[in-house]
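The primary structure of each chain is shown beneath.
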2 protein chains.
Amino acid sequence: MSGPLDGVRVVDLTTVVVGPIATRTLADQGAEVIKVEAPGGDILRYLAAGSRSPAMSGKFINFNRNKRSIGLDIKQPEGAAALRALLARADVFVTNVRPAGLERAGLDFATLSALNPRLIHCSIQAFGRGGPYFNRPAYDPVIQSLSGVAGAFERSTGEPRFVPMVMTDHIAGLIAAQCVGFALYRRERTGLGEAIEVPMFENMASFVASEHLGAATFEPPLGPAGDERLLSPYYRPLPTKDGFITAHPNDNRQAFAFFAAIGRPELREDPRFNTPKARSENAAAFFELRAEALREKTTAEWLDIFAAADVPAARYNRLEDLLEDPHLAEVGFWEQDDHPTEGRIRRARTPNRFSGGMREETIPAPRLGRDTADILRELGHDEESIATMMKTGAAFAEGA
Amino acid sequence: MSGPLDGVRVVDLTTVVVGPIATRTLADQGAEVIKVEAPGGDILRYLAAGSRSPAMSGKFINFNRNKRSIGLDIKQPEGAAALRALLARADVFVTNVRPAGLERAGLDFATLSALNPRLIHCSIQAFGRGGPYFNRPAYDPVIQSLSGVAGAFERSTGEPRFVPMVMTDHIAGLIAAQCVGFALYRRERTGLGEAIEVPMFENMASFVASEHLGAATFEPPLGPAGDERLLSPYYRPLPTKDGFITAHPNDNRQAFAFFAAIGRPELREDPRFNTPKARSENAAAFFELRAEALREKTTAEWLDIFAAADVPAARYNRLEDLLEDPHLAEVGFWEQDDHPTEGRIRRARTPNRFSGGMREETIPAPRLGRDTADILRELGHDEESIATMMKTGAAFAEGA
């Protein structure tokens, strides 16, 4: 048994988060992913707290499981040749190198599709082709700043802020993996690879617009952009007698069950609250009423009541609570493994289930260049050639 | 020319955001999506501000372009039979009906794969199989509350809050579309459909864990969970002399160019800031230094300086600024169309480009049951049968 992408060969020339989450997704679903690292390696190896060895941060480990690593200096001809040899036999190339850099290195779609017409060339970009920001560099906060994510916070709290996650990288990377899947499907029918361009800014602007265009969907706008329900100060876990809870009745059945649960069954007749449309139009009053009622009991009391009434509700988990969540524990969400060099590690398992088979073998996140020699051998290099490349630095492995 | 999913037939039994964004993604890439709506229709038709006609909110329009709509009461045998007929010829079934409800309605994978072995059955669930929350209802805020999204905010601001977007729905929906793509690829090779289960909670817990497990990646943990850089109070657009800016130098070249730009070139030798690892370990000091320096010039001055120095930086866009962003304008991001019943509307175009062809025809977001009669005809119903179904309410169309 393996995952749906069993047999798909991916060459991964990516760094940080946006590319690595794209290729990890492909790897988790069965693809063979070869991570090509430049001298020094992916910068994520060094970022964020927590590591047992240099260049093996917890964050790097999380985003790079199930991958092999080859160290290549593609500024040397032998390193560039090895990368081309990998691409000649690959199904998919994923990169977040800027388009101008790809062209300079001969890694643009036109060049590579001449080498391998079946290659799917997925270029993750900060900004799309055709606009003034094309080829500019960006990291996640730059995209949150531009795309309205921080703007939504200002509307809700008075202060522009970022989501405290590398959210736009993460989402664009998931979308890149999605696009690769679509192109793999088309290739089965046409026999041809293609170029995919995934611009982070445009993807996040589309994400935010779908949520918040609202009355500005219409031209002329029927009102300001922004979904006021989501921008409400009550859009947060709400205090109970002893902690926090989130309860979110939405359709009539749920809302009426909620009114009954808080001892206000008459509200189901109230014209402000008796239909989804009425509750949406009177969201501020509906939210305030919820916030007031929830203060009256403990979180555990409310959770029992809402579970019995089938009202969508949940407790509030702090980051550290996630590790103890009873549902996650019971579904076997947290896995532990002995990493060959980093010791015992914890990881979140692949969340989605495919009945046609899942990837079974797990490859530990690689040290820089762990698989350099093996991969060069697979490309037909003999031991002498490998030794020469290692000596010149055209290929390398940490500690070698 | 059409998109990579040209010819793929999708039956969409979903509501609100998580399912509709999944099927919109498939539709935008060329699939034929038939949205099956129960009496009353998708609740999103009524939510959030802004609509010219009842049941056609801006938000519904945004999430439901490129789809057809059939109104069916599947509690009536003729309605259920029509849905089964659609499923018998479909490639993909996407639903966010709870698993217990699917079984009651005979829409579980076992039943449907007996009807159509090539069917890909994608079940989007709030909580995955095997845990105590399985089959419980949830909406986005419930998942944000449980999955650590709100918890990350508490670490960063002292107060648990939600991201002011239907973020977990939106992300899980994008992942569902991704999984469908992978299964379509596998089906080309095996000839068989399969069941996919996409649990929102597990997907978001995995998202948050990848970001914030950090030192708790290791067992025993090397420190508390949480990436302190992302949780910093400075992780936000920073004030300039006349507004806000985001500048995010990350690698050495960018950081040293930033130090030069702020008139502190000597910092490249400072052991706190001279490598990515050093800057990550001294993130608080690095962020503070950035914040102080950025106050000294206007946003426009900084943007010119950082563009010349190739330092990742951008201005801050409020929600309404998105509509005027010069990059989005130049790439033709905002499209306008005359909707046949809702008048002139604005929408974000599909952000990703496929060189093998894109969907060209746009289908306006449907009124409830707009395509009921057409679709029944395609299923072989004659006019009399359609009239009977409309009369009993087994099938329906708004205004019919």
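The rules behind each value
- Residue positions are counted from 1 within each chain, in the order its sequence is given.
- Ligands are numbered from 1 and chains lettered from A, in the order in which they are written.
- Confidence filtering applies because this is a predicted model: local features only for residues at pLDDT of at least 70, side-chain atom pairs given and counted only at 80 or more, and all residues used for totals across whole chains, interfaces and linings.
- Note: side-chain values were computed over all heavy atoms of the structure, leaving out hydrogens and water.
- Numbering of helices and strands starts at the N terminus; helices are DSSP runs of H or I of at least 4 residues and strands are runs of E of at least 2.
- Residue contacts are counted whenever heavy atoms from the two residues lie within 4.5 Å of one another.
- The protein chains shown are the only cover counted for residues, whose accessible areas, like all others here, come from Shrake-Rupley with a 1.4 Å probe.
- His is not counted here, nor are the chain ends, while Lys and Arg score as positive and Asp and Glu score as negative.
- A charge is said to be at NZ when it belongs to Lys, at CZ for Arg, at CG for Asp and at CD for Glu.
- In this analysis an axis means a line fitted to C-alpha atoms, helices contributing only their contacting stretch, and an angle means the value between N-to-C directions, from 0 to 180 degrees.
- In what follows, roughly perpendicular refers to angles from 65 to 115 degrees, roughly parallel to angles under 35, roughly antiparallel to angles over 145, and oblique to any angle outside these ranges.
- By definition, any crossing whose near helix is turned counterclockwise from its far helix by less than a right angle is left-handed, and any crossing with a clockwise turn is right-handed.
- Lys, Arg, Asp and Glu make up the charged group, whereas Ala, Val, Leu, Ile, Met, Phe, Trp, Tyr, Cys and Pro make up the nonpolar group; the residues left over, Gly among them, are polar.
- Exposure classes here rest on a 1.4 Å probe applied to the protein chains alone. A residue is buried below 20% of its type maximum, exposed above 50%, and partly exposed in between.
- Any pair of N or O atoms that falls within 3.5 Å is considered a polar contact. Within protein, one atom must be able to donate a hydrogen and the other to accept it, and sequence-neighbouring residues count only if both atoms are side-chain atoms.
- Copies overlap after least-squares fitting; the atoms used are the C-alpha atoms of residues with pLDDT of at least 70 in both.
- When a carboxyl oxygen of Asp or Glu lies within 4 Å of a side-chain nitrogen of Lys or Arg, that pair is called a salt bridge.
- Two parts placed together each lose some accessible area under a 1.4 Å probe, and the buried area is that loss summed for both.
- Any two strands with at least two DSSP bridges between them are considered paired.
- Note that the domain bounds were set by an automatic or database domain assignment.
- Throughout, right-handed denotes a crossover for which the path from the first strand over the helix to the second runs clockwise when the strands point away from the viewer.
- Stacked, tilted and edge-to-face are the three classes assigned to paired rings of Phe, Tyr and Trp, where Trp is represented by its six-membered ring and a pair needs centres within 6.5 Å; plane angles under 30 degrees give stacked, over 60 edge-to-face, the rest tilted.
- By definition here, a helix of n residues has an expected span of 1.5 Å times n minus one.

For chain A, the name recorded in an unreviewed UniProt entry is Crotonobetainyl-CoA:carnitine CoA-transferase CaiB-like acyl-CoA transferase, with Roseococcus suduntuyensis as its organism.

Undergrad: I'd like a description of the overall build of chain A, backed by residues and values.
TA: For chain A, the count of helices and strands is 17 helices and 13 strands. Each principal axis of the C-alpha atoms in chain A carries an extent, and together these give about 85 × 50 × 40 Å. In chain A, the share of contacts with a sequence separation of at least 24, taken over all contacts with a separation of at least 6, comes to 67%. Put simply, chain A shows about 13700 Å² of open surface, and 51% of that area lies on carbon and sulfur atoms. Side chains of chain A give 46 positive and 53 negative charges; the mean places of these two sets differ by 1 Å.

Undergrad: Account for the packing of helix H11 (residues 252–261) of chain B against helix H14 (residues 299–309) of chain B, naming residues and giving values.
TA: All names here are of chain B. Relative to each other, H11 and H14 sit at 140°, their axes nearing to 10 Å. By the angle class used here, H11 and H14 are oblique. For the element pair H11 and H14, the recorded crossing hand is right-handed. For the pair H11 and H14, the contacting residues are Arg253, Ala257, Phe258 and Ala261 in the first and Trp302, Ile305, Phe306 and Ala309 in the second. In terms of residue class, the contact of H11 with H14 is made up of seven nonpolar, no polar and one charged.

Undergrad: Would you mind going over the environment of Asp242(A) in detail, with residue names and values included?
TA: Residues and elements named next belong to chain A. Among the secondary structure elements, Asp242 is positioned in the loop between strand E7 (238–239) and strand E8 (244–247). Look at Asp242 and you get exposed, because its relative accessible area is 52%. Between the alpha carbons of Asp242 and Arg295 there is a distance of 8.5 Å; along the sequence they are 53 residues apart. Those residues in contact with Asp242, other than ones at most four positions away along the chain, are Thr298 and Thr299. A polar side-chain atom of Asp242 sits 3.2 Å from a polar atom in the side chain of Thr240. Polar side-chain contacts of Asp242 include one of 2.9 Å to the backbone nitrogen of Thr299.

Undergrad: How would you summarise the relation of the copies chain A and chain B if you had to cite specific residues and measurements?
TA: Mapping one chain copy onto the other needs a rotation about an axis and a shift along that axis. With an RMSD of 0.0 Å, the fit of chain A onto chain B corresponds to turning through 180° and sliding 0.0 Å along the axis. Such a turn and shift between the copies fits a two-fold axis. Of the residues that chain A buries at the interface, 100% are likewise interface residues in chain B, meaning the two copies contact each other through the same surface.

Undergrad: A description of the side chain of Arg290(A) should follow, citing residues and the corresponding values.
TA: Along the chain, Arg290(A) turns up in helix H13 (residues 283–294). One buried charged side chain, Arg290(A), makes no salt bridge at all; its nearest oppositely charged neighbour is Asp140(B), positioned 11 Å away. Not counting the four nearest positions on each side in its chain, Arg290(A) is found in contact with Ala247(A), His248(A), Pro249(A) and Phe258(A).

Undergrad: Can you explain the interface of chain A and chain B? Please cite residues and give values.
TA: Counting from both sides, the interface comprises 161 residues of chain A and, opposite them, 161 residues of chain B. Roughly 14100 Å² of surface becomes buried between chain A and chain B when both sides are summed, with 62% attributable to carbon and sulfur atoms. Summed over the three residues of chain A that lose the most area to chain B, namely Phe182(A), Tyr185(A) and Leu319(A), the buried surface amounts to 6% of that side. Our count for the chain A to chain B interface comes out at twelve salt bridges. Put simply, chain A and chain B have 77 residue pairs in polar contact (both at pLDDT 80 or more) between them. Partitioned by chemical class, the residues of the side of chain A that touches chain B number 84 nonpolar, 41 polar and 36 charged.

Undergrad: Provide a residue-level description of the sheet that holds E7(A), including the pertinent values.
TA: Residue and element names in this part refer to chain A. With antiparallel pairing, the three strands of this open sheet are ordered in space as E7-E8-E9. With one partner strand each, in any of the chains shown, E7 and strand E9 (313–315) form the two edges of the open sheet. The pairing of E7 with E8 spans two bridges and is antiparallel. The partner of Pro239 across the bridge, within E8, is Phe244.

Undergrad: Go over the domain arrangement of chain A, please, and point to the residues and values.
TA: Considered domain by domain, chain A is made up of domain 1 (9–207 + 331–396) and domain 2 (238–315). Computed from C-alpha coordinates alone, the two centres of domain 1 of chain A and domain 2 of chain A are separated by 44 Å.

Undergrad: Could you give an account of the environment of Ser2(A), naming the residues involved and the relevant values?
TA: Among the structural elements, Ser2(A) can be located in the segment before strand E1 (9–13). For the pair Ser2(A) and Gly357(A), spaced 355 residues apart in the sequence, the C-alpha separation amounts to 5.1 Å. In this structure, Ser2(A) is in contact with Gly30(A), Gly356(A), Gly357(A), Met358(A), Arg359(A) and Arg186(B), ignoring residues within four places of it in sequence.

Undergrad: An account of unusual backbone geometry is needed here, citing residue identities and associated values.
TA: Residue and element names in this part refer to chain A. With omega at 0°, the peptide bond leading from Glu219 into Pro220 counts as cis. Along the polypeptide, Pro220 turns up in the loop between helix H9 (200–212) and helix H10 (228–231). Residue Val16 is not a glycine yet carries a positive backbone phi of 65°. On the secondary structure map, Val16 appears in the loop between E1 and helix H1 (18–28).

Undergrad: Help me get a handle on the environment of Ile61(A), residues and values and all.
TA: By secondary structure assignment, the location of Ile61(A) is in helix H2 (residues 58–63). Through-space distance from the C-alpha of Ile61(A) to that of Pro366(A) is 7.9 Å; in sequence the pair is 305 residues apart. Apart from the residues within four sequence positions on either side, Ile61(A) is in contact with Met56(A), Glu342(A), Ile345(A), Ala365(A), Thr217(B) and Phe218(B).

Undergrad: I'd like a description of the pairing of E1(A), backed by residues and values.
TA: Residues and elements named next belong to chain A. When you tally the buried positions in E1, you get four out of five residues, the bulk of the element. The pairing of E1 with strand E2 (residues 32–37) spans four bridges and is parallel. The partner of Arg9 across the bridge, within E2, is Glu32. Assessed by its sense of winding, the connection that carries the chain from E1 through H1 to E2 is right-handed. Where E1 and strand E4 (residues 92–95) come together, four bridges link them in parallel fashion. Residue Val11 lies in a different strand from E4, and its bridge partner there is Phe93.

Undergrad: So what's going on with the packing of aromatic side chains? Which residues, and what values?
TA: A complete count under the given rule lists 29 aromatic pairs over all chains for this structure. Between the aromatic rings of Phe258(B) and Phe259(B), the centroid separation amounts to 6.5 Å while the plane-to-plane angle is 70°, which identifies the pairing as edge-to-face. Classification of Phe258(B) by relative accessible area gives buried; the value is 0%. On the basis of relative accessible area, Phe259(B) is assigned to the buried category, the value being 0%. Seen from their ring centres, Phe258(B) and Phe306(B) are 5.5 Å apart, and the 20° between their planes marks the pair as stacked. Within this pair, whereas Phe258(B) is found in helix H11, its partner Phe306(B) is found in helix H14, the two being separated by 48 residues in sequence. Residue classification places Phe306(B) among the buried residues on the basis of a relative accessible area of 0%. A connected cluster of aromatic rings, assembled from ring pairs, spans Phe256(A), Phe258(A), Phe259(A), Phe273(A), Phe286(A), Phe287(A), Trp302(A) and Phe306(A).

Undergrad: Outline helix H13 (residues 283–294) of chain B, supporting the account with residue identities and numerical values.
TA: Residues and elements named next belong to chain B. Here H13 is twelve residues long and its end C-alpha atoms lie 16 Å apart, about the 16 Å a rise of 1.5 Å per residue gives. Residues of H13 that are buried: Ala283, Phe286, Phe287, Leu289, Arg290, Ala291, Ala293 and Leu294. On its buried face, H13 is in contact with helix H10 (228–231), strand E7 (238–239), strand E8 (244–247), H11, helix H12 (276–281) and H14.

Undergrad: Can you lay out H11(B) for me, pointing to particular residues and giving the numbers?
TA: All names here are of chain B. Of the positions making up H11, those classed as buried are Gln254, Ala255, Phe256, Ala257, Phe258 and Phe259. Among the structural elements, E8, H12, H13 and H14 are those in contact with the buried residues of H11. Put simply, Asp251 is the residue that caps the front of H11, since its side-chain oxygen is 3.2 Å from the backbone nitrogen of Arg253. Gly263 sits one or two positions beyond H11 and adopts a positive phi of about 80°.

Undergrad: Describe the pattern of salt bridges, listing the residues and the values that go with them.
TA: Proximity of charged atoms lets side chains of opposite charge pair with each other. Residues and elements named next belong to chain A. Tallying each qualifying case throughout the model produces 68 salt bridges over all chains. A salt bridge links Arg68 to Glu32; its shortest N-O distance comes to 3.3 Å. In this pair, Arg68 is assigned in strand E3 (residues 67–72) and Glu32 in strand E2, connecting sequence segments 36 residues apart. Note on Arg68: relative accessible area 12%, which makes it buried. Looking at Glu32, the relative accessible area reads 27%, which means it is partly exposed. Close ionic contact of Asp227 with Arg229 constitutes a salt bridge, the shortest N to O distance being 2.7 Å.

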